[in-house]
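Inside the fold
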Amino acid sequence: MKLVLLGPPGAGKGTQAKVLSKEFGIPHISTGDILRESVKAQSPIGLKAKVYMDKGELVPDDVVIEMVAQRVAKEDCGKGFMLDGFPRTAAQAKALDGTLAGLNRPIDLVLYFKTSQQTIIQRLSGRRVCKNCGENYHIKNIPPKVAGICDKCGGELYQRVDDKEDTILNRIKVYENTVPGIISYYEGKGILRTVSGDFDVDEAHDYLSKLFVKEKLK
Ligand code: AMP
């Protein structure tokens, strides 16, 4: 199963991807996660990307396209994969198709998580992440047992710089400017399916499970 999860930040793509990745035994590839790891490691890509990420701007296409091309060519993607946060521009979508055609691993479906602005702001502004293991929490929806501490590893929870209100608004603006080109690209190929990003975790999972049966992916 080769999927692209498309939608604004805070749509719940990452949460669904984690669950589906376990269920189907295929890797969850989040470009945001890979870039944050690179920033943490202070690699040349990380140092370049940080400037854009802190402002909620997109990292240049050439950087992320190459990063994903290398990742999807790995052996563990042979059975399938889930791309989360990529593509984010029409140029990325086209480059991805080129890479996947070369590997004979074309995308089966693009799941578009259509989400209200109110949900995006509520989810992102309350999100907290573990500094140590990267686990996600939400101060109201998924609170840790002890405030500020990760249930899994005891690490300290923090708020991502780009989850502050001003940056959230910029990320939504960037998303709204770029997403129509990607949607029409995949609609033209007949592989776009819409899911409500306003669903809670279980509702979205149920919806997707039925969709996979209907699409004969399961
Ligand atoms: P995310 O965790 O998906 O919200 O991504 C966090 C940040 O990483 C974004 O705001 C961008 O700065 C950068 N980023 C992630 N994926 C991409 C992409 N496909 N193209 C450009 N920038 C990206």
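1. Topic: helix 4 (residues 61-72)
Between its first and last C-alpha, helix 4 extends 16 Å over twelve residues, near the 16 Å set by a 1.5 Å rise per residue. Taken together, the buried positions of helix 4 are occupied by Val 63, Val 64, Met 67, Val 68, Ala 69, Arg 71 and Val 72. In this fold, the buried residues of helix 4 make contact with strand 2 (28-30), helix 2 (31-41), helix 3 (44-55), strand 3 (81-84) and helix 5 (90-103).

2. Notes on the sheet that holds strand 1 (residues 2-6)
Backbone hydrogen bonds are what pair the strands of a sheet, in a parallel or an antiparallel way. Strand order in the open sheet made by the five strands is 2-3-1-4-8, with parallel pairing throughout. Both outer strands of the open sheet, strand 2 and strand 8 (192-196), are each paired with one neighbouring strand and no more. Taking the axes of each pair of neighbouring strands and ignoring which way they run, one obtains an average angle of 25 degrees across the sheet. Relative to strand 3, strand 1 is paired through four bridges, and the arrangement is parallel. Directly across from Leu 3, in strand 3, lies its bridge partner Met 82. Each of strand 1, strand 2, strand 3 and strand 4 (109-114) touches helix 1 (residues 13-24); the most contacted strand, strand 3, lies at about 170 degrees to it. Helix 2 contacts strand 2 and strand 3 of the sheet and is inclined by roughly 65 degrees relative to strand 2.

3. Some details on helix 6 (residues 117-126)
Regarding helix 6, the residues found buried are Thr 119, Ile 120, Ile 121, Arg 123, Leu 124 and Gly 126. The elements touched by buried residues of helix 6 are strand 5 (127-130), strand 6 (136-138) and helix 7 (165-189).

4. Describing the pairing of strand 5
Two faces make up the sheet, and in a regular strand the side chains alternate between them. Across three bridges, the pairing between strand 5 and strand 6 is antiparallel. From the neighbouring strand, Arg 128 faces strand 6, where its bridge partner is Tyr 137. Where strand 5 lies against strand 7 (residues 157-158), two bridges are found, and the strand directions are antiparallel. Within the sheet, the bridge partner assigned to Cys 130 lies in strand 7 and is Leu 157.

5. A look at the site of the ligand
Thr 31, Arg 36, Glu 57, Gly 85 and Arg 88 are the nearest of the 16 residues found near the ligand. Contact distances for the ligand include 2.8 Å between a nitrogen atom and a side-chain N or O atom of Thr 31. Take Gln 92: an N or O atom from its side chain is 3.0 Å from a nitrogen atom of the ligand. When isolated, the ligand has an accessible area of 480 Å², and the protein chains bury 95% of it. Sort the elements by how many residues they give to the shell around the ligand and helix 2 lands first, with four residues.

The rules behind the values
Residues numbered from 1 in each chain as written. Predicted model: local features only at pLDDT ≥ 70, side-chain atom pairs only at ≥ 80, totals over all residues. Heavy atoms only, no water. Helix = DSSP H or I, 4+ residues; strand = E, 2+ residues; numbered from the N terminus. Expected span 1.5 Å × (residues − 1). Buried < 20%, exposed > 50% of the residue type's maximum accessible area, 1.4 Å probe, protein only. Contact = heavy atoms within 4.5 Å. Pairing = 2+ DSSP bridges. Axes fitted to C-alpha atoms, helices over the stretch in contact; angles between N-to-C directions. Near = heavy atom within 4 Å. Polar contact = N/O pair within 3.5 Å; in protein donor to acceptor, adjacent residues only side chain to side chain. Areas by Shrake-Rupley, 256 points an atom, 1.4 Å probe, with all protein chains shown as cover.

Scope: geometric values only; no functional claims are made or implied.
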